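# Working through the structure, step by step
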Amino acid sequence: MDNSLQKSGHRVFLGLDQPPLTVASQWLIDRFQSNVQGDGSVALDLSNFVVVLPSARARNRLLQLLVQFCREQTIRLVPPTITTLGHLPEYLYVAEKRLATELAQQIAWSKALQQSPIEEIRCLTGNLEMEDLQDWQPIANLIAQLHARLANDIWSFSSVAKRICDIPGFLQMETDRWDALKAIQKRYYQILGDVGLWDKQAARNYAAAGLLKADPPEIRCRTDKHIVMLATADLNLSISEMLRQVATDSPELVSILIAADPEMADQFDDFGSLVTEKWLKPEFRIDNTQIRIVDQPADQADAAAHYITQLGSRFASDEVTIGIPDESIVPQIERCLNAIQLPHRNLAGRVLSDTSPVRLMIACKNFLQRQDFDSFAMLVRHPDMFQWIVSRVDDDGWLEDLDEFQNNYLPNLLSLHEKLPFGNPDQVRNDSDYLDADEQRRAEKLALTIDLLNQIHGCFRQLLNPLLGDEQPIGTWAKAWSEVLVTVYEQREMDREDPLDRRVIAACEAIYSALGNQDQVPVEFDAVTTASQALDWAIEAASERRVVDPAVEEAVELAGWLDLTLDDAPVMVVTSMNDEFVPTSEFGHQFLPNELCKSLKILDNDRRYARDAYALKVITSVRENLLLIVGRRDEKGEPRKPSRLLFCGDHMQAAKRAKAFFTFQGKPDPRLWLTTQETFPDEQQFRVPKPPWVGTPKNISVTKFKSFIKCPYRFYLQHILKLRTSVDNWRELSGGTFGDLAHKVMEDFAKSPFADSTSADQILTYMNQRLKEFVDKQFFGSRLPAVKIQVAQMEQRLERFAPLQAQRRSEGWKIVSTEEHHFHKFMVDGQPFVINGKIDRIDRHESTGQVAVWDYKTSDSAELPGKAHYQPKTKKWLDLQLPLYRHLVKEDPAVQDADLSDIILGYILLPKDLEKVGFEQVDWNRETLETADDKAREIVRKFRKSEYWPPTEEPPKYSQDFAAICQDNAFEKEPYLDNVEEAPPW
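Note that the structure is a prediction, hence the values are computed from the model and not measured. (Residues numbered from 1 in each chain as written. Predicted model: local features only at pLDDT ≥ 70, side-chain atom pairs only at ≥ 80, totals over all residues. Heavy atoms only, no water.)

## Examining the packing of aromatic side chains
Worth spelling out the cut-off: A pair of Phe, Tyr and Trp rings is counted when the ring centres sit within 6.5 Å of each other, with Trp represented by its six-membered ring. The angle between the planes then sorts it: under 30 degrees is stacked, over 60 is edge-to-face, the rest tilted. Accessibility here uses a 1.4 Å probe with only protein chains present; expressed as a share of the type maximum, an area under 20% marks a residue as buried, one over 50% as exposed, and anything in between as partly exposed. By definition here, charges over rings are those cases where NZ of Lys or CZ of Arg is within 6 Å of the ring centre and within 35 degrees of the ring normal.
According to the stated counting rule, one finds 38 aromatic pairs in the structure shown. Between Trp198 and Tyr206, the aromatic rings sit 6.0 Å apart at their centres with planes inclined by 55°, giving tilted as the arrangement. Using a relative accessible area of 15% as the deciding quantity, one classes Trp198 as buried. Within the aromatic cluster, the residues linked to one another by ring pairs are Phe705, Phe708, Tyr713, Phe715, Tyr716, Phe833, Phe943, Tyr948 and Trp949. We note Arg220 situated over the ring of Tyr206; from NZ or CZ to the ring centre the distance is 3.9 Å. Note that Arg808 overlies the ring of Phe919, its terminal NZ or CZ placed 4.9 Å from the centroid.

Dropping the structure here:
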């Protein structure tokens, strides 16, 4: 122990009766306040102090407490400089050379690797094939992290390479790896040195090693500031040695405040850092009622919210902290707090890559690189980009048109150099049949959609054009990327008090700063990149930054594990008390196995255990209202182990806790283990809404009766409310698009002179020609392999169909109508109800005059029409399409003079199984068909009464679109009752 510190009393033990920050604040006031001459007032001038804490949150809270206490005691405060351990070194030494920025260091490491002989690279990772500087970035980041970790305890790759030779059990391969790392690090230092820069860690190490390694020892760290180390219990060797130099030179300038009782003095070193060996068998005052065992992450959130609500009004919201060692459960916690309307603030904030501006920049980069539909769709769906586009095209409903266009036309290449990537709208108009009003209307709608999508693509072409081009020096791209941010956000009004706007502003500032740092990369590095690579460098350089929401009055704060030691909230809930998180451990590091860390006396698993044990000691000592939650499984259902720290101390208590954990069955009763409090009710929060009166539909397509028969409620959702999913991720022809394409070919054939041909070759040649023309026209922008395969499959089906059609024509059957849409007044209880539908094809025999009605079916299944419509055993109708066609056909002029009493109804099957291609008719007698009419009338009566309730208990096939509304996948679904709320008007 340093005698000067011990004798001078610079180690101050704050005790564990109160939160350390509270005691430390009052200690600073009592120790350094002074009377001001003249008016007799008291002042606390800490302008010459640097107070060092382990976290930014503790730094902010200390300042709040100092201001609060001084106000209460009428003391005029001049606050100190309050910083964290990571920023302390630069207060204690002056670098002899200019320090390299983080980006410059990243590039220097990449260049050091790029210049390394292949033998060195093979020693590290194997024989890698790297093409440019960017390719080296991942391994460069890995080595940079290793460099920083070792430098924290004044080790270099060179010194580790020497040390490893003396450690028994290490293989020659490991020695070779460290020799390679030593050579790369030397090359890295040389690259920086050649441009007059110094690595920050190397500069710190040189300063820290003054007493440790210099010969003779020398003081390289000095300051005229008073350094106060507050609860910094896990110092690395570099900072400890810097403090040792300052204390040796000016002992009165160093104060060590330790959050512990005085009798624990031997458990801390000279500078308040833990003596690891003393903390490997800790003891805690944790009552069993303060531990709760639950199953999954959602249960942890429920338990935390439940505990807080049970406190009632004894504590305000801002007197509660929820500790979250496992950041992945934050959304679950926030969900529960929102459900009980409890304001909260996540102190960890969001990583920069999760913020809206950075996601927008990444989406721009992806489109710049790929220039395909996927990246285009991702970009236009970014909320900020969507608003920017709307402001330029004056249309906010185009996303639905984009989805429909993608489903029907499958574009996949959208070059930024192309002016009409979605097609030529004028050509679409010109190619339509001017005699067909419906086709003209459809063509005009499509042309308008294409024109709008081309405009949107043009906006991107203008926005991203400065980023196109070959590699340039990295600094030249900063302005172009910054302009993207400015262009998208310049017209948006921002309010720094609004949490969402604050995130956007903070993220823009961070990425703008990172881009600006690229101008500081020495030109001698010759770092040339594409625009996309330059953005990757910038985002990587800013990856450690987080965007934190502004403070919220009376809010529960969500804090990480390392922030909890100095938290002064009287109520604390700590989740994820599992071994993966408390204590943390590291296994299988590529370069630093735990045994090597022990030998080098750097951060190892024992030291992590000691650090977390100390944190739990403080947390449990300074408050009574504490809950520790242990989860048994993660979000994937994988088992987790309870924290070892919960089993320290009394063996009987440890055995009881272990038994409780490993015999837990996940039932509600033991969920709140060792407590008498109630569990949460298991009621569903959402009931299926009953449809209101919506009136009688004007008309219904005959194909929709099938949907009603399957489920009246889902019919209501789909056909009355017209709810539907919207996707843009088809990479092949959907079933509907494939069928539409087949219908086009069949319709065109039926209207052509070849419809009367009895030559299979003629029919097939014509059909294939028209198929190719339709595909070229509809999918001109698609290069998807699946489309080519599906077109080939359709050709096979047409090849099988052609001779069957030729034979049918030779038998006297003539196509008299195709794809005609008809409306018919279907009489129900003396009142007409309009049914409608498009009949795919009507044939009429030239000799007998008999009429045949056909519906094309292109699905793979080749289900026969009889089976698809009717169950003879149960006498239940499943579909009414074909029976109702015999009413619609009466409206077709081509057969109005025909006798329809012996009408033929059936399918023209074009399935995957070519053996099943052909004409399939059904054989229903008049009585059976009349029961179909009765079923239709029954459904029409329900239409007139607006009866769409209840849903079928068993979800029909292919009804997943409405599964959430109907609670199909709910574990304990509420019964469908008549007294529930009416449906909202979605």
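## With respect to the side chain of Arg714
Here is the rule: Strands here mean DSSP runs of E at least two residues long; helices mean DSSP runs of H or I at least four residues long; both are numbered from the N terminus. Contacts are assigned to residue pairs that have any heavy atoms within 4.5 Å of one another.
Note that Arg714 resides in helix 27 (residues 712–720). Here Arg714 falls in the buried class, since its relative accessible area comes to 5%. Beyond its immediate chain neighbours, meaning those up to four positions away, Arg714 contacts Pro951, Thr952, Pro955, Pro956, Ser959, Phe962, Cys966 and Asp968.

## Brief notes about the sheet that holds strand 9 (residues 226–230)
Which entries qualify depends on this criterion: Pairing between strands requires that DSSP locate at least two bridges from one strand to the other. Axis definition: a line fitted to C-alpha atoms, over the contacting stretch in the case of helices. Angles run 0 to 180 degrees between N-to-C directions.
If you trace the 5 strands from one edge of the open sheet to the other, you get 1-10-9-4-6, paired in parallel fashion. Every other strand in the sheet has two partners, leaving strand 1 (11–13) and strand 6 (81–84) as the edge strands with one partner each. Averaged over all neighbouring strand pairs, the angle between strand axes comes to 20°, with direction disregarded. Strands strand 4 (49–53), strand 6 and strand 9 of the sheet are contacted by helix 3 (residues 56–72), whose axis makes an angle of about 160° with strand 6.

## Remarks on the pattern of salt bridges
When charged atoms on two side chains of opposite charge get close, those side chains can pair. Convention followed: What makes a salt bridge here is a side-chain nitrogen of Lys or Arg within 4 Å of a carboxyl oxygen of Asp or Glu, nothing more.
Summed over all chains, the structure comprises 48 salt bridges. As a salt-bridge pair, Arg61 and Asp568 come within 2.8 Å of each other at their nearest N and O atoms. One end of the pair, Arg61, is in helix 3; the other, Asp568, is in the loop between strand 18 (556–559) and strand 19 (571–574), and 507 residues separate them in sequence. Under the relative-accessibility criterion, Arg61 is labelled partly exposed at 26%. Residue Arg220 is joined to Glu218 by a salt bridge in which the shortest nitrogen-to-oxygen separation is 2.7 Å. Relative accessible area serves as the criterion here: at 34%, Glu218 is assigned to the partly exposed category. Connected through salt bridges with shared partners, the residues Arg57, Arg345, Glu557, Asp567 and Arg623 form a single ionic network.

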